[in-house]
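Spelled out from the first residue to the last, the chains are:
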There are 2 protein chains.
Amino acid sequence: MVVTSHDVARLAGVSQPTVSRALRNSPKVSEETKRRVREAATALGYVPSETGRALSSGRTRRIGLLLTDLENQFYPHVIAPMHRELEALDYQLVLQTESSDTGRVAERLLANSLDGVLLATTTVDSVLPVRLRDRGVPFVYFNRTSESVAADSAEVDAESGMHELARRILELGHRRVGAIFGPRNASTAEHRERALREALAAASVTVSGSMSYRGPFDVETGYVGARRLLEAEQPPTVIVCGNDVVAYGALNAAHELGRAVPGEVSIVGFDDLPEARWPMMQLTTVAFDLDAMARRAASLLVARIERGPDEPYRHESFPSRLVERRTLGAAP
Amino acid sequence: MVVTSHDVARLAGVSQPTVSRALRNSPKVSEETKRRVREAATALGYVPSETGRALSSGRTRRIGLLLTDLENQFYPHVIAPMHRELEALDYQLVLQTESSDTGRVAERLLANSLDGVLLATTTVDSVLPVRLRDRGVPFVYFNRTSESVAADSAEVDAESGMHELARRILELGHRRVGAIFGPRNASTAEHRERALREALAAASVTVSGSMSYRGPFDVETGYVGARRLLEAEQPPTVIVCGNDVVAYGALNAAHELGRAVPGEVSIVGFDDLPEARWPMMQLTTVAFDLDAMARRAASLLVARIERGPDEPYRHESFPSRLVERRTLGAAP
DNA sequence: TGGTTCAGTGTATGCGTATGCATCGGAAGA
DNA sequence: TCTTCCGATGCATACGCATACACTGAACCA
């Protein structure tokens with residue numbers, strides 16, 4: 001039924017190992033034989049079995065991508081460039097989502113015989129990196145880090161953009177600054193929060209507890225958080241969101257409450273997703289090269305897989321900067 | 001380095017096949033032995049190699065999902081439910097995107113030793129289904145069909161919703177009906193177009209060539225198409241879009257041109273994605289249970305894989321209905 | 001008591017590819 | 001002409017698991 005290298009060997013009049021070598025373009029096979037083998041392979045429609053190859057070589061050329069939530073609007077812009085990069089490097093992408101049972105995720109990742117794992121979940125789970133390290137499964141942190149287990153990483157430098165944003169916010173006269181931060185235990189959320197607070201503190205502006213909200217990086221958080229902040233007695237004049245997706249939710253809340261943006265309240269995001277540029281949206285946001293960062297994470301992982309565990313860890317940092325659009329204006 | 005069933009066998013004092021049987025809970029192994037094997041497996045942290053299992057069993061428990069464009073806003077709402085369903089059925093999801101070189105895609109799909117493929121691309125490529133059939137790789141059409149090669153399918157019944165929409169549009173006094181259809185050679189696009197035209201024809205309303213635009217199901221198409229239609233001398237009073245994502249683009253165009261929605265122009269989508277419900281958006285659209293449809297496609301495929309090729313093909317149809325929100329109003 | 005049966009386990013083998021090593025034949029050098 | 005060497009190929013085997021089949025011993029029946 002299925003064509004194997006033996007069938008090709010028979011047709012080409014050579015042995016099976018010669019087929020293997022010929023098709024992998026080994027220099028130990030004569031050009032004439034390669035030609036015959038290739039012809040036979042084409043004639044039979046032979047495609048090498050990845051399973052056989054994996055068992056024999058110990059490499060699957062498959063990489064796992066661990067995400068928090070497949071439906072989050074952030075991830076398509078991560079998955080796509082990673083997929084493109086990995087395709088070019090001849091690797092496959094297998095999706096995994098975080099389940100409540102971390103042990104099971106780890107087990108699946110390992111059983112899957114993945115060559116490596118891209119950790120793109122927001123919250124830092126301390127168990128998984130340890131297990132991966134112990135099993136010798138290469139992995140890379142994407143848009144997060146962990147102090148506990150060292151590994152390659154691709155991250156945003158939030159400071160530059162956040163400082164720029166804070167300066168501009170103050171310049172526009174805002175003093176009641178609200179914020180919707182990301183979840184606790186998420187390094188990305190912490191970096192952004194700290195950068196914002198530090199930059200504002202320079203002008204003695206603080207984000208008080210009643211002026212802030214905290215939750216997962218999703219639309220719901222932005223919506224609920226912004227409603228809460230905007231319906232307070234002294235609502236903020238600007239709401240800085242943990243990322244663009246959260247800002248979408250905040251915009252929805254403002255829209256629903258009939259608050260003009262940026263007339264009555266300014267809203268700012270982080271990430272500069274393609275949707276932020278939509279005429280409908282025109283979201284002012286802190287931008288960085290997400291596409292490049294995703295591709296970099298993928299290539300870092302492949303380099304780690306192919307060059308081995310002895311290379312020093314690389315921590316790629318992507319600078320951020322403010323992109324002003326419509327949703328940030330002068331304080332009312 | 002890596003723990004195999006042999007290691008477990010040695011520790012448990014049994015043979016390797018007994019380990020295999022015990023862990024797969026075969027009735028041919030005594031409870032006492034199972035207990036010992038399980039203990040040994042846990043002690044060693046044994047996780048069966050999927051590669052070994054795949055080579056031996058001929059099944060990879062991996063399913064390919066072929067998409068047009070990973071960054072399209074439609075797909076997260078497809079990927080997520082499929083992933084959930086497949087996870088419950090203990091299958092993995094591997095992403096593939098359509099490349100220009102169809103042959104290469106087919107080859108990769110086959111080499112990948114996938115147990116089956118979910119075809120979720122919009123355009124009907126005639127080569128791939130044939131190759132999959134010839135190789136005996138089970139597959140399911142999702143949100144599309146092909147007359148040439150029979151297979152299970154999960155599709156929308158566009159007629160009910162489109163008729164409802166047409167009736168409502170006419171009722172609201174619209175006579176200049178514009179449309180942004182999906183791409184040519186896409187069965188989904190054709191169904192929706194035909195259903196709309198038929199329903200309008202009953203009232204002698206037609207969508208002329210100058211009142212329609214055609215392109216891939218993406219934001220760009222909606223934006224470009226709507227700009228073209230709206231900047232014409234006699235712009236339509238309503239624009240029916242091939243799907244919600246296209247409608248996002250149309251809304252962007254209307255926004256940019258300063259046309260009030262639905263005051264000056266009504267815009268309607270199809271799919272009822274979660275984003276359509278956003279207060280910012282409030283898109284009137286033709287809805288169906290996309291989540292269920294995606295899950296159904298996945299379970300149809302698994303059933304096909306596990307029950308074999310002799311079962312009759314199943315064509316699941318999901319009814320559609322109009323969901324009125326803000327973007328459809330009376331004709332100006 | 002001998003034969004039959006069956007539960008439980010081991011042995012042998014296959015799945016498809018990659019690779020270390022042996023082999024072979026011809027060319028080059030002595 | 002004999003040896004040496006090397007390019008080209010075949011042989012044997014490993015990878016980890018699943019499964020057909022063989023085997024063993026105990027229980028049961030006649």
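Each value, and the rule that gives it
- Residues numbered from 1 in each chain as written.
- Chains lettered and ligands numbered in written order.
- Predicted model: local features only at pLDDT ≥ 70, side-chain atom pairs only at ≥ 80, totals over all residues.
- Heavy atoms only, no water.
- Domains from an automatic or database assignment.
- Salt bridge = Lys/Arg side-chain N within 4 Å of Asp/Glu carboxyl O.
- Helix = DSSP H or I, 4+ residues; strand = E, 2+ residues; numbered from the N terminus.
- Buried < 20%, exposed > 50% of the residue type's maximum accessible area, 1.4 Å probe, protein only.
- Near = heavy atom within 4 Å.
- Polar contact = N/O pair within 3.5 Å; in protein donor to acceptor, adjacent residues only side chain to side chain.
- Nonpolar A, V, L, I, M, F, W, Y, C, P; charged D, E, K, R; others polar.
- 1 Å grid on protein atoms, 1.4 Å probe; cavity = no way out; pocket = protein on both sides within 12 Å on 5 of 7 lines; lining within 4 Å.
- Points joined across faces, edges and corners; volume = space filled by probe spheres on them.
- Least-squares fit on C-alpha atoms with pLDDT ≥ 70 in both.
- Contact = heavy atoms within 4.5 Å.
- Arc of directions from axis to C-beta.
- Buried area = accessible area lost by both parts, 1.4 Å probe.
- Pairing = 2+ DSSP bridges.
- Axes fitted to C-alpha atoms, helices over the stretch in contact; angles between N-to-C directions.

Description of the domain arrangement of chain A
Domain annotation of chain A identifies domain 1 (5–48), domain 2 (60–156 + 290–319) and domain 3 (157–288). Just the C-alpha atoms count here: the centres of domain 1 of chain A and domain 2 of chain A sit 36 Å apart.

Some details on the pattern of salt bridges
Residues and elements named next belong to chain A. Within this structure, the stated rule accounts for 44 salt bridges over all chains. Salt-bridge contacts for Arg-197 lead to Glu-193; the nearest nitrogen and oxygen are separated by 3.0 Å. Taken together, the residues span about one helical turn, with Arg-197 and Glu-193 both in helix α9 (residues 187–201) at a distance of four residues. Arg-197 sits in the partly exposed class, given a relative accessible area of 30%. You can call Glu-193 buried: its relative accessible area is 13%.

Some remarks on the protein's contact with DNA strand C
If you check the shell around DNA strand C, you find 28 residues, and the closest are Ser-5, Tyr-46, Arg-53 and Ser-56 of chain A together with Thr-33 of chain B. Atoms of DNA strand C within 4 Å of the protein: sugar and phosphate make up 57%, bases the balance. Ser-15 of chain B places a polar side-chain atom, nitrogen or oxygen, 2.9 Å from a phosphate oxygen of DNA strand C. The separation between a phosphate oxygen of DNA strand C and a polar side-chain atom of Thr-18 of chain B is 2.6 Å. Secondary-structure elements contributing two or more residues to the surface near DNA strand C are α1 (5–12), α2 (16–23) and α4 (50–57) of chain A together with α2 (16–23) and α4 (50–57) of chain B. When its residues are assigned to classes, the surface near DNA strand C shows ten nonpolar, 13 polar and five charged.

Re the layout of surface pockets
If you add up the space inside the second largest pocket, you get close to 1,300 Å³. Together, 45 residues line the second largest pocket, and Gly-58, Leu-110 and Ser-113 of chain A together with Val-2 and Ser-49 of chain B are the ones closest to its centre. Contributing elements (two or more residues each) for the lining of the second largest pocket: α4, α6 (102–111), α7 (127–135) and α12 (290–307) of chain A together with α1 (5–12), α2 and α4 of chain B. It is α4 of chain B that contributes the most residues to the lining of the second largest pocket, five residues altogether. Counted by class, the lining of the second largest pocket contains 22 nonpolar, 15 polar and eight charged residues.

Description of the relation of the copies chain B and chain A
Aligned on chain A, chain B shows an RMSD of 0.1 Å; the corresponding rotation is 180° and the shift along the axis is 0.0 Å. When the rotation and shift are considered jointly, the pair of chain copies conforms to a two-fold rotation axis. The C-alpha atom lying nearest the rotation axis in chain B is that of Val-94 of chain B; the distance is 2.4 Å. Both copies present the same face, since 96% of the interface residues in chain B are matched by interface residues at the equivalent positions in chain A.

Comments concerning α2 of chain A
All names here are of chain A. Taken residue by residue, α2 has Thr-18, Val-19 and Ala-22 as its buried positions. Around the axis of α2, the buried residues are gathered within 105° of arc, so they sit on the same side. Buried residues along α2 sit against α1 and α3 (31–44). A positive phi of about 60° marks Asn-25, the residue just after α2.

Structural notes on the protein's contact with DNA strand D
Taken together, 27 residues lie near DNA strand D, and Thr-18 and Thr-33 of chain A together with Tyr-46, Arg-53 and Ser-56 of chain B sit nearest. Each atom of DNA strand D within 4 Å of the protein was assigned to sugar, phosphate or base; sugar and phosphate come to 57%. In this structure, Ser-5 of chain B approaches DNA strand D through a main-chain N or O atom, which is 2.6 Å from a phosphate oxygen. A distance of 3.3 Å is found between a base nitrogen of DNA strand D and a backbone nitrogen or oxygen belonging to Gly-52 of chain B. Counting only elements with at least two residues in the surface near DNA strand D, the list comes to α2 and α4 of chain A together with α2 and α4 of chain B. Here the residues of the surface near DNA strand D are counted per class, giving nine nonpolar, 13 polar and five charged.

Here we look at the environment of His-6 of chain B
Residues and elements named next belong to chain B. Topologically, His-6 is positioned in helix α1. Owing to a relative accessible area of 46%, His-6 belongs among the partly exposed residues under this scheme. The sequence separation of His-6 and Gly-182 amounts to 176 residues, and the corresponding C-alpha distance is 56 Å.

Structural notes on the interface of chain B and chain A
The interface is formed by 51 residues belonging to chain B together with 49 residues belonging to chain A. When the two sides are added together, the surface that chain B and chain A hide from each other amounts to roughly 4,700 Å², 54% of it contributed by carbon and sulfur. Inspection of the region where chain B meets chain A yields zero salt bridges. For the interface between chain B and chain A, the tally reads 18 residue pairs in polar contact (both at pLDDT 80 or more). At the level of elements, α4, α5 (76–88), β2 (92–97), α6 (102–111), α7 (127–135), α10 (219–230) and α11 (244–257) of chain B are the ones that each hand at least two residues to the side of chain B that touches chain A. With seven residues, the single largest contributor to the side of chain B that touches chain A is α5 of chain B. Partitioning the side of chain B that touches chain A into residue classes produces 22 nonpolar, 17 polar and twelve charged.

Structural notes on the sheet that holds strand β9 (residues 266–271) of chain B
Residues and elements named next belong to chain B. Read across the open sheet, the six strands follow the order β7-β6-β8-β9-β10-β12; overall the sheet is mixed. Here the strands that pair on one side only, and so sit at the sheet edges, are β7 (212–214) and β12 (321–323). Sheet twist, expressed as the average angle between the axes of neighbouring strands with direction ignored, equals 20°. When strand β8 (residues 238–241) meets β9, the two strands line up parallel, connected through three bridges. Opposite Val-240, over in β9, you have Val-268 as the bridge partner. Lying over the sheet, α11 contacts β6 (177–181), β8, β9 and β10 (284–287), oriented at roughly 160° with respect to β9.

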